[in-house]
Every structure is written in structure tokens, then in C-alpha cells.
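A closer look at the structure
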Amino acid sequence: MAPPMSAGAFLDALRSEGVTVVEVGDWREHNRNHKGPWGPVHGVMIHHSVTDGTEDTVRICYDGRPGLPGPLCHGVITKDGTVHLVGHGRANHAGLGDDDVLRAVIAEKALPPVNEANTDGNRHFYGFECENLGDGADPWPEAQLEAIEKVAAAVCRRHGWSERSVIGHAEWQPGKVDPRGFTMGWLRERVRDRLK
């Protein structure tokens, strides 16, 4: 069981891993904690944003969209590899997912197939939205992929987790496909190598 990092520790962890960070608005207090607890945290969830352009992506992830108030993640990873911090605390990113997957993440074991949506993921995962249309054709620049790797490794390093604590939205919630354009197995290998 891990309590979430403080906002300051989160920022320090990212910068210590070599991440370029932009602090957006009052991100340290911007959250959905009034809807339920944040923590204990058990992993890092990666998403694609289905947006185009840094300004629009960051704004949507900070403010939210109709029917889903922001923040929609903790950090937005844009095409140039910059991480824009938009929230700290509970964020509307994971939704309901599979309790078997959560147990596997906690145990740092291989993930089972996702087939249920019965567990609150917003409570248990740090979330990062990655600027990408999610159509399988929109490219993932190397700077962005490296930032995704660094962000995931930074959180895992601070909590003492392995790469098995990094999952994709599609591995958590039935019907989701993100992140589309690279595999989570490939990303976990990169995180594993960085954590050595």
C-alpha cells in the first residue's frame, strides 16, 4: 500500500528522471478529491488523448469536457516530450476497471485479460494523457516516447515499483484501446531497462 506522493515529491521525481515539466495553473490543488479518496496508489496508467495540438490537449485535460470534469489526468505528455502537470489528487482518467487487473498490478505479476469494470481506478493510479489522435496512424515522436518512459520510470522509482506497475487504459477497462500505436509490453521493457 502506497500513499500518493505529495505534489512537491511528484514534481521532484519527474525532474530527477530528466523530464521537462510545465506547471499549469493551480495543478497542485486541482483534483476531484471531493468525489472520493485518492490512494492507496498502485501504478501508472498511460492513455492517448484523442486530441491534436498542445494547447487544446492541455486545456481539455485541465478543464475536462462535457460530462467529464477535469482534471482528466495528472500530466499531459505532448509531442515534443514536455510533461504539462494539470492535476494532483483524484483525476477523471481511469474510470471503472477490472479488480483482477488491480490485484496483478499490486502483486507485480502478468496482467490477466480485462473483462470487468467493477473497481475505481481513479483512486489507485497516476494517469498520463499522451497527445495523440489514437487512430493508429498519428505518429509517436521519439521525444514523446522517451518522456512517457521517463515519467513511468520516475513514479515507479519513487515508489519502489517495477515496470509491471505500468499499464495502459486498454489493460484496465473493457472496450478501451489506448494507448494505440505502441504496445505496453514494449513500453514496460523500456521502463524496466531504465530502472536498472
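This section reports on the structure supplied with the text.

1. A short note on the overall build of the chain
Of the regular secondary structure elements, the chain holds 5 helices and 10 strands. Relative to the globule expectation of 16 Å for 196 residues, the C-alpha radius of gyration of the chain, 15 Å, shows essentially globular dimensions. With the C-alpha coordinates aligned to their principal axes, the bounding extent of the chain is approximately 35 × 35 × 35 Å. When the 196 residues of the chain are sorted by exposure, 57% land in the buried category. Once local pairs closer than 6 in sequence are excluded, the contacts in the chain between residues at least 24 apart make up 72%.

2. Topic: the packing of helix α1 (residues 7-16) against helix α4 (residues 142-159)
Direction vectors running N to C along α1 and α4 enclose 120°, while the axes themselves pass 8 Å from each other. In terms of axis orientation, α1 runs oblique to α4. α4 is crossed by α1, and the crossing has right-handed handedness. Packed against α1, whose contacting residues are Ala-9, Phe-10, Asp-12, Ala-13, Leu-14 and Ser-16, the element α4 presents Val-151, Ala-154, Val-155 and Arg-158 at the interface. Tallied by class, the residues present in the contact of α1 with α4 amount to 7 nonpolar, 1 polar and 2 charged.

3. Describing the sheet that holds strand β10 (residues 166-168)
Spatially, β1-β6-β5-β9-β2-β10 is the arrangement adopted by the 6 strands of the open sheet, whose pairing is mixed. Edge positions in the open sheet fall to β1 (21-23) and β10, since each of these has one partner strand only. Ignoring strand direction, the axes of neighbouring strands in this sheet form an average angle of 25°. Alignment of strand β5 (residues 75-77) against strand β9 (residues 125-130), held across 3 bridges, turns out to be parallel.

4. Notes on the side chain of His-74
Note on placement: His-74 falls in the loop between β4 (68-69) and β5. Among the polar contacts made by the side chain of His-74, one reaches the main-chain carbonyl oxygen of Gly-89 at a distance of 2.6 Å.

5. Observations concerning the nonpolar core
In terms of nonpolar packing, the biggest core is built from 37 residues, with Phe-10, Ile-46, Tyr-126, Phe-128, Ile-148 and Val-166 touching the most fellow members. Broken down by element, this core gets its largest block of residues, 9 residues, from α4. Once residues lying within four places of it in the same chain are set aside, the contact partners of Ile-148 are Ile-46, Ile-77, Cys-130, Trp-140, Phe-182 and Leu-187. Counting 8 residues, the second-largest nonpolar core is a separate cluster that includes Leu-102, Val-105, Phe-125 and Ile-167.

6. A few points about the packing of α4 against helix α5 (residues 184-195)
Think of two packed helices as two axes; the pair is described by the angle between the axes and how far apart they sit. The contact between α4 and α5 brings their axes to 9 Å, and the two run at 60°. With respect to their mutual orientation, α4 and α5 come out oblique. In this structure, α4 meets α5 at a crossing whose hand is right-handed. Contacts between α4 and α5 involve Glu-142, Leu-145, Glu-146, Ile-148, Glu-149, Lys-150, Ala-152, Ala-153, Cys-156 and Arg-157 from the former and Trp-186, Leu-187, Arg-190, Val-191, Arg-194 and Leu-195 from the latter. For the contact of α4 with α5, the class distribution of residues is 9 nonpolar, no polar and 7 charged.

7. Considering unusual backbone geometry
With omega at 0°, the peptide bond leading from Gly-70 into Pro-71 counts as cis. Here the bond from Asp-178 into Pro-179 is cis, since omega is 0°, no more than 30 degrees from zero. Following the sequence through the fold, Pro-179 ends up in the loop between β10 and α5. Unusually for a residue other than glycine, Val-50 sits at a positive phi of about 55°.

8. A look at α5
Its 12 residues give α5 an end-to-end C-alpha distance of 16 Å, which sits within 8% of 16 Å, the value for a rise of 1.5 Å per residue. Taken together, the buried positions of α5 are Met-184, Leu-187, Arg-188, Arg-190 and Val-191. In an axial view of α5, the angular spread of the buried residues amounts to 160°, which keeps them on one side of the axis. Here the buried face of α5 lies against β2 (43-48), α4 and β10.

The rules behind the values
- Residues numbered from 1 in each chain as written.
- Predicted model: local features only at pLDDT ≥ 70, side-chain atom pairs only at ≥ 80, totals over all residues.
- Heavy atoms only, no water.
- Helix = DSSP H or I, 4+ residues; strand = E, 2+ residues; numbered from the N terminus.
- Rg over C-alpha atoms; globule rule 2.2 N^0.38 Å.
- Buried < 20%, exposed > 50% of the residue type's maximum accessible area, 1.4 Å probe, protein only.
- Contact = heavy atoms within 4.5 Å.
- Axes fitted to C-alpha atoms, helices over the stretch in contact; angles between N-to-C directions.
- Parallel < 35°, antiparallel > 145°, perpendicular 65-115°, else oblique.
- Left-handed = near helix turned anticlockwise from the far one by under 90°.
- Nonpolar A, V, L, I, M, F, W, Y, C, P; charged D, E, K, R; others polar.
- Pairing = 2+ DSSP bridges.
- Polar contact = N/O pair within 3.5 Å; in protein donor to acceptor, adjacent residues only side chain to side chain.
- Core = buried A, V, L, I, M, F, W, Y, C linked by side-chain atoms within 4.5 Å.
- Expected span 1.5 Å × (residues − 1).
- Arc of directions from axis to C-beta.

Keep in mind that these numbers describe shape and distance, not what the molecule does.
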